[in-house]
Amino acid sequence: MERGNGFARARADEPPRPHARAQKRETVVALAGNPNVGKSTVFNALTGMHQHTGNWPGKTVVSARGSCEVQGKRYLLVDTPGSYSLMAHSAEEQAARDFICFGGADAVVVVCDASCLERNLDLALQTMEITDRVVVCVNLMDEARQRGTSVDLARLEARLGVPVVPACARAGQGLRELMHAVACVTREKPCQGCSKTREPQPKAARGAREGALDGRCSGCCCALCSPVRYAEPIEQALKLLIPAVSAVRPEKAPGARWLALRLLEGDRALCEGIDRMLGFSLARQPEVACALTQAKQSLSRAHLTGAALCDAIADTLVRTAGELCAGVIQKTPTKRERRDRRLDRILTSRRAGIPLMLLLLIGVFWLTITGANLPSQLLADGLFRFGEQLAKWLALAGAPEWLRGLAVDGAYRVLAWVVSVMLPPMAIFFPLFTLLEDLGYLPRVAFNLDRCFQKCRACGKQALTMAMGFGCNAAGVVGCRIIDSPRERLIAILTNSFVPCNGRFPTLTAILTMFFVGNSGGLGASLLCALLLTGLVLLGVGMTFLASRLLSGTVLRGVPSSFTLELPPYRRPQLGKVLVRSVLDRTLFVLGRAAAVAAPAGVLLWCMANLAVGGRTLLAVCASALDPVARFFGLDGVILLAFVLGFPANEIVVPIIIMAYLSQGSLVEMNDLSLLRALLVQNGWTWVTAVCTMLFSLMHWPCSTTCLTIHKETQSWKWTAAAVLLPTAAGLTACALVANLARAFAGG
Amino acid sequence: MRSNKPLAELHEGECARVTELLVQNGMRRRLLDIGLTPGTRVECELKSPSGDPAAYRIRGALIALRRRDAALVLTETE
């Protein structure tokens, strides 16, 4: 099936609103399923929208919408966050539950992992109690086959009573059949013996379940959809309650059976949600209240109240899923499973687990540093040469001197510097990282590090958000949504800046190379650089632990939350796709950032360096004002000013330092690090200055994008301020310590 | 030999059947959701470098649980 064949492009991402429908004639389809079953892959394949799908649970952190058109019919697809069950535990599961129950979707597609069908069916069964317009999509069929699992789909469909469609969304297979099944369940057709309209069910299904049902409607007055049969006392209680609920139930609401079960369970939050959606209090309706009392009495006679009832319901669902799968799934152990298990044993072993992690980290950094060298050089040469040409053209056009200075020496040079220094490393690091993600390795990292996080009273998933922070701190902050507990999420958000983002790598590697590694080039030098960079990063990680411990001992006190982390099977990453998408995404991002931040910063700097105030340039005035303070911390006025001005984006810190030292207000070609080193030493840099600058680069206020993101995620200025103060305080303390100790021991 | 012990005490590679959940409320629901209902067969597949958390094969999926939570799930080894 070719992509784009009749599938229209999707609109941009926005949170779904209940009952919101963009166009009247669109059919709204919700995509539900456990985390990590390929829901987003199905969504992407159908809508053509780019949404990042990585191989660890909880990747979809927002609900996304997209549209597609099949055979003349328009569909609005809503991708919900993965949930194990509709009994929501986290904000994400709640969002998924709310949309499936109250969002007014016309149909729900429950995406299941073929290798893990039994557990996935739990959600499908719960969904089938809410609505009968359900299609079960059994995804990842190719993987299941490789693992020796075969599924008898026809039998499953007969037992379930809803369409069951096999798919391999990665390869684009099964999607056409899926949309056909969706069209079937949402088609309007008169149903026998009922005034409501619905597509009649497969005949086999009805026959198979006649015995289990007493033929009464319990859904929306249509044929019964749910194959789940609870224990007798519960069924009796439902028999009492369902007629009363059906009588007051509006058309588009969840099925009466589901509503009745929720009333019996008595979950406050959920009942309030139901009442909100219905517009009236269900439990307080006269007949319902009466029937509810009777039903509860009959249940308490059978000792099924409170937790016992919830257990019984959950147990029935799980057991039914197991019964449905009995005889449907055939499993034979394969080489691949054994290989995966062996790999896992090694990667999480006591002796090799953590060393391998470190090696991998060093490897990634080394690849990034070495791979970026040549492209950076070439880009710098090309861009600076073009800059000179630009200056000539402006002169020819008769532009005034100051305009030439502003545009070329200011804006263009800084932009060129940022692009040539930032783009190659990012274009290498992000694909590498995405490959690791797709492979499924990252949850193993969280698994290995969880003990440390436990000791800090934080969540092991913070390891994942830290890893994301390597790429971009703002992305790391958004990724903190995978942490369920609000307290632990806040800790993860506040400490995310302790890991250096891609914007800081060039600063760190440049200083490392200039002062500690030497300019010899070659394998030894690049390895040493990678090792030292890893050391710095580990320092950042250590500070993260320390800061987390501090926070959870003071302002964010609390006990460690319950923690379940799914370790998905290893999947072969789609190399080509990942590389192309990643490189393209990153290139666009860097270029966009450079244009939006670096160019204006360049303009500002040029102005500051060329506007005179009382005989000195504005730059010099600011720098000398900050100088006394900065000296205490082992820095100098220019460095501190550079960090302050680098608030919009970390990558412009070094250009600012260079431009300030040159104090000509222009950035001459400075890609030769030995020249740069000479300039720095000329301006008073020693190894202490280098160390302090690196420490401060590692630990200082988050960049503006990150701050905005933090505010958006926490909805609180207080916590945003804390996120700014925490790393700054840490950085200043570290610098002060190093500077003053060095002064004390070495005398300067 | 059969023996009763909490999930947390299973060795790597050991299988058992869940008998009882001693944990309440939110965590209980979560454990039921991932399939740890009484009667389910589980296998302790992996232990992390420090021993805590450990990963268990539950109904086809590999799920990591912390020791303090796994200690509240009683099982009977086969």
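In this text the structure is predicted, and so the values were computed from the model without any measurement.

What counts, and where the lines are drawn
- In every chain, residue numbers begin from 1 and rise along the written sequence.
- Labels follow written order: the first chain is A, the first ligand is 1, and so on.
- Local features are withheld for residues below a pLDDT of 70 in this predicted model, meaning they are given only at 70 or higher, and side-chain atom pairs are given and counted only at 80 or more; totals for whole chains, interfaces and linings count all residues.
- We count a stretch as a helix when DSSP gives it H or I for four or more residues in a row; a strand needs E for two or more, and each element gets its number in order from the N terminus.
- To assign burial, the other C-beta atoms lying within 10 Å of each residue's own C-beta are counted, with C-beta atoms placed from the backbone; 20 or more indicates buried, 12 or fewer indicates exposed, and intermediate counts indicate partly exposed.
- With C-beta atoms placed from the backbone, a contact is any residue pair whose C-beta atoms sit within 7 Å.
- For two strands to be treated as a pair, DSSP must find at least two bridges joining them.
- Comment: axis = line fitted to C-alpha atoms, over the contacting stretch for helices; angle = value between 0 and 180 degrees taken between N-to-C directions.
- For this entry, the nonpolar core is defined as buried Ala, Val, Leu, Ile, Met, Phe, Trp, Tyr and Cys residues connected by C-beta atoms within 7 Å.
- Segmentation of the chain into domains, including their bounds, is taken from an automatic or database domain assignment.
- Residue polarity is assigned by list, with Asp, Glu, Lys and Arg as charged and Ala, Val, Leu, Ile, Met, Phe, Trp, Tyr, Cys and Pro as nonpolar; anything else, Gly included, falls into the polar class.
- When describing relative orientation, an angle under 35 degrees is termed roughly parallel and one over 145 degrees roughly antiparallel, while 65 to 115 degrees is termed roughly perpendicular and anything else oblique.
- Crossing handedness is read from the near helix: turned anticlockwise from the far helix by less than a right angle, it gives a left-handed crossing, and turned clockwise, a right-handed one.

**Re the overall build of chain A**
Working step 1: Scanning chain A from N- to C-terminus turns up 29 helices and 11 strands.
Working step 2: The proportion of buried residues among the 748 residues of chain A is 50%.
Working step 3: For chain A, the proportion of contacts with a sequence separation of at least 24, taken over those separated by at least 6, is 73%.

**Here we look at the sheet that holds strand β5 (residues 134-139) of chain A**
Strand pairing in a sheet is mediated by backbone hydrogen bonds. Such pairs are either parallel or antiparallel.
Residues and elements named next belong to chain A.
Working step 1: Pairing is mixed across the open sheet formed by 6 strands, whose spatial order is β2-β3-β1-β4-β5-β7. Either end of the sheet is taken by a strand with one partner, and the two such strands are β2 (64-70) and β7 (164-166). Here the strands of the sheet are splayed against their neighbours by 25 degrees on average, with no regard to which way each runs.
Working step 2: Relative to strand β3 (residues 73-79), β2 is paired through 7 bridges, and the arrangement is antiparallel. By the bridge assignment, R65 is partnered in β3 with V78.
Working step 3: Helix α3 (residues 117-130) rests against β1 (27-33), β4 (107-113) and β5 of the sheet, and its axis sits at about 170 degrees to β4.

**Some thoughts on the nonpolar core**
All names here are of chain A.
Working step 1: Counting residues in each nonpolar core, the largest one holds 234 residues, and the members touching the most others are V135 and C137.
Working step 2: Ranked by residues supplied to this core, first place goes to helix α15 (residues 401-439) with 19 residues.
Working step 3: Not counting residues within four places of it along the chain, the set of residues in contact with C137 comprises V42, V109, V110, V111, C112, V165, A167 and L178.

**Examining the domain arrangement of chain A**
Working step 1: Taken as a whole, chain A is organised into domain 1 (27-186), domain 2 (214-325) and domain 3 (353-564 + 574-746).
Working step 2: Inter-centroid distance (C-alpha atoms) of domain 2 of chain A to domain 3 of chain A is 55 Å.

**A word on the interface of chain B and chain A**
Working step 1: Residue-level contacts link 27 residues of chain B with 31 residues of chain A.
Working step 2: Mapped by element, the contributors of at least two residues to the side of chain B that touches chain A are α1 (25-33), β3 (41-47) and β5 (61-65) of chain B.
Working step 3: It is α1 of chain B that provides the largest number of residues to the side of chain B that touches chain A, a total of 6 residues.
Working step 4: Among the residues making up the side of chain B that touches chain A, the classes are represented as 12 nonpolar, 7 polar and 8 charged.
Working step 5: Inspection of the sheet shows strand β9 (residues 564-566) of chain A paired to β5 of chain B by 3 bridges, in the antiparallel sense. Counterpart to L565 of chain A in the pairing with β5 of chain B is A64 of chain B.

**Quick look at the packing of helix α20 (residues 505-517) of chain A against helix α27 (residues 687-698) of chain A**
To describe two helices that pack against each other, one gives the angle between their axes and the distance between the axes.
All names here are of chain A.
Working step 1: Contact geometry of α20 with α27 gives a least axis separation of 10 Å together with a crossing angle of 165 degrees. Judged by the angle between their axes, α20 and α27 are roughly antiparallel. Classified by chirality, the crossing of α27 by α20 is left-handed. Across the interface between the two elements, T507, L508, I511 and F515 from α20 touch W687, A690, T693, M694 and S697 from α27.
Working step 2: Partitioned by chemical class, the residues of the contact of α20 with α27 number 6 nonpolar, 3 polar and no charged.

**Some points on the environment of P702 of chain A**
Residue and element names in this part refer to chain A.
Working step 1: By the element assignment, P702 lies in the loop between α27 and α28 (704-714).
Working step 2: Between the C-alpha atoms of P702 and V418, which are 284 residues apart in sequence, the distance is 18 Å.
Working step 3: What P702 contacts, discounting residues up to four positions off in sequence, is N473, S497, C707, I710, A723 and V724.

**A word on the pairing of strand β4 (residues 54-58) of chain B**
Looking along a regular strand, one sees the side chains alternate between the two faces of the sheet.
Residue and element names in this part refer to chain B.
Working step 1: Summarising burial for β4: 4 of the 5 residues are buried, a large majority.
Working step 2: Pairing geometry for β3 and β4, over 5 bridges, is antiparallel. Its bridge partner lying in β4, L46 is registered against A55.
Working step 3: Taking the residues that link successive antiparallel strands as the turn, the β3-β4 hairpin has 6 residues, and the phi of G51 there is positive, at about 95 degrees.

**Topic: unusual backbone geometry**
Working step 1: A cis amide bond links D52 of chain B to the next residue, P53 of chain B, at an omega of 5 degrees.
Working step 2: On the secondary structure map, P53 of chain B appears in the loop between β3 and β4.
Working step 3: A positive phi angle, near 60 degrees, is found at L140 of chain A, a position not held by glycine.
Working step 4: Examined against the element boundaries, L140 of chain A turns out to sit in the loop between β5 and α4 (141-146).
Working step 5: One non-glycine residue, R457 of chain A, lies in the positive phi region at around 60 degrees.
Working step 6: Within the secondary structure layout, R457 of chain A lies in the loop between α16 (442-455) and α17 (462-471).
Working step 7: When the 20 C-beta atoms within 10 Å are taken as the criterion, R457 of chain A is described as buried.

**Some remarks on the packing of α20 of chain A against helix α21 (residues 522-553) of chain A**
Residue and element names in this part refer to chain A.
Working step 1: Between α20 and α21, the least distance of the axes is 10 Å, while the angle of their chain directions is 120 degrees. The angle between α20 and α21 falls in the class oblique. Crossing hand, α20 versus α21: right-handed. Every residue of α21 that contacts α20 at L508, T509, L512, T513, F516 and V517 is listed here: A525, L528, C529, L532, L533 and L536.

**Considering the sheet that holds β9 of chain A**
Working step 1: Spatially, 7 strands are ordered β9(A)-β5(B)-β4(B)-β3(B)-β2(B)-β6(B)-β1(B) in an open sheet, and the strand pairing comes out antiparallel. Each edge of the sheet is formed by a strand with only one pairing partner; in this case those strands are β9 of chain A together with β1 (4-6) of chain B. When the angles between neighbouring strand axes are averaged without regard to direction, this sheet yields 40 degrees.
Working step 2: Relative to β5 of chain B, β4 of chain B runs antiparallel, the two sharing 5 bridges. Bridge pairing links A54 of chain B to L65 of chain B in β5 of chain B.

**So, the pairing of β2 of chain A**
Working step 1: Buried residues dominate β2 of chain A, accounting for 6 of its 7 residues.
Working step 2: In sequence, β2 of chain A turns back onto β3 of chain A through a hairpin of 2 residues, with Q71 of chain A there showing a positive phi of about 50 degrees.

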